[in-house]
Amino acid sequence: NAGVTQTPKFQVLKTGQSMTLQCAQDMNHEYMSWYRQDPGMGLRLIHYSVGAGITDQGEVPNGYNVSRSTTEDFPLRLLSAAPSQTSVYFCASSYSINLAGGRETQYFGPGTRLLVL
Amino acid sequence: QQPVQSPQAVILREGEDAVINCSSSKALYSVHWYRQKHGEAPVFLMILLKGGEQKGHDKISASFNEKKQQSSLYLTASQLSYSGTYFCGTGSGGGADGLTFGKGTHLIIQP
């Protein structure tokens, strides 16, 4: 198994450009999520999905869109990049997320480093 | 709200012990601990669930006191490989909204 994969590893954008960060997992995990990590801020949840066709907002969703058309893929779209979106983005997945709230181990991808000029 | 971790940073000599604390202002169902090396993804260490259980993994163990809404991570006889940033992630239960992570504790182990 490749686990959780993310592409690209690095990206430089100009303000106003759009792009899609790709995330895929081959572990048949139901739950997938996107986090951003900024210095001194820890990991903050952007969007998450509990299964194909179901997505919801996390703590910092503004400026980002997601979709989940398949179990394997969970792309994150930046609609109009801003310098404040310069960050490291991590995708994570887990086998299931139930009403217990974060019960299962989350596996993180290697991350995408994004610089918005 | 983000759970609060303490200390923010700690420097130890190899072989010394460390304790990292994580506290939340809201009721918790689960606490997850992760370690992240510089430039790498966070790696799962352990999950603690409501019930006050304690877990161990080699020389790393953790406790969870749901009444106090606190968890502590214990690193015994630290090794150089323990260096990194430790994050706690908390789950409040009752929903599928993922984890809320603390800002991290930087641990440096010196030879």
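Higher on the page you've got the structure.
Our subject in this report is the structure included herewith. No experiment lies behind these values; they were computed from the predicted model shown.

On to the state of the cysteines, then. By definition, a disulfide is the covalent link that joins the sulfur atoms of two cysteine residues. A full pass over the atoms with the stated rule returns two disulfides over all chains. What pairs with C23 of chain A in a disulfide is C91 of chain A, and their sulfur atoms sit 1.9 Å apart. One disulfide, between C23 of chain A and C91 of chain A, carries an S-S torsion of -70 degrees and so falls in the left-handed class. Linking C23 of chain A in strand 3 (residues 19-25) with C91 of chain A in strand 9 (residues 87-94), this pair joins segments that are 68 residues apart in sequence. The class for C23 of chain A is buried, based on a relative accessible area of 1%. The buried category is assigned to C91 of chain A, whose relative accessible area is 0%. Here C22 of chain B is linked by a disulfide to C88 of chain B, with a sulfur-sulfur distance of 2.0 Å. One disulfide, between C22 of chain B and C88 of chain B, carries an S-S torsion of 75 degrees and so falls in the right-handed class.

Analysis parameters
- The residue count restarts for each chain, going from 1 along the sequence in the order it is written.
- Chain labels run from A onward and ligand labels from 1 onward, assigned in the order the entries are written.
- The predicted nature of this model means local features are confined to residues of pLDDT at least 70 and side-chain atom pairs, given and counted, to a pLDDT of 80 or more, with totals for whole chains, interfaces and linings taken over all residues.
- Hydrogen atoms and water are omitted, and side-chain values are computed over all heavy atoms in the structure.
- When two cysteine sulfur atoms lie within 2.5 Å, the pair is treated as a disulfide.
- Helix numbers and strand numbers start at the N terminus; a helix is a DSSP run of H or I with at least 4 residues, a strand a run of E with at least 2.
- For the exposure calls, accessible area comes from a 1.4 Å probe over protein chains only, and a residue counts as buried if that area is under 20% of its type's maximum, exposed if over 50%, partly exposed in between.

Nothing here speaks to function; it is geometry throughout.
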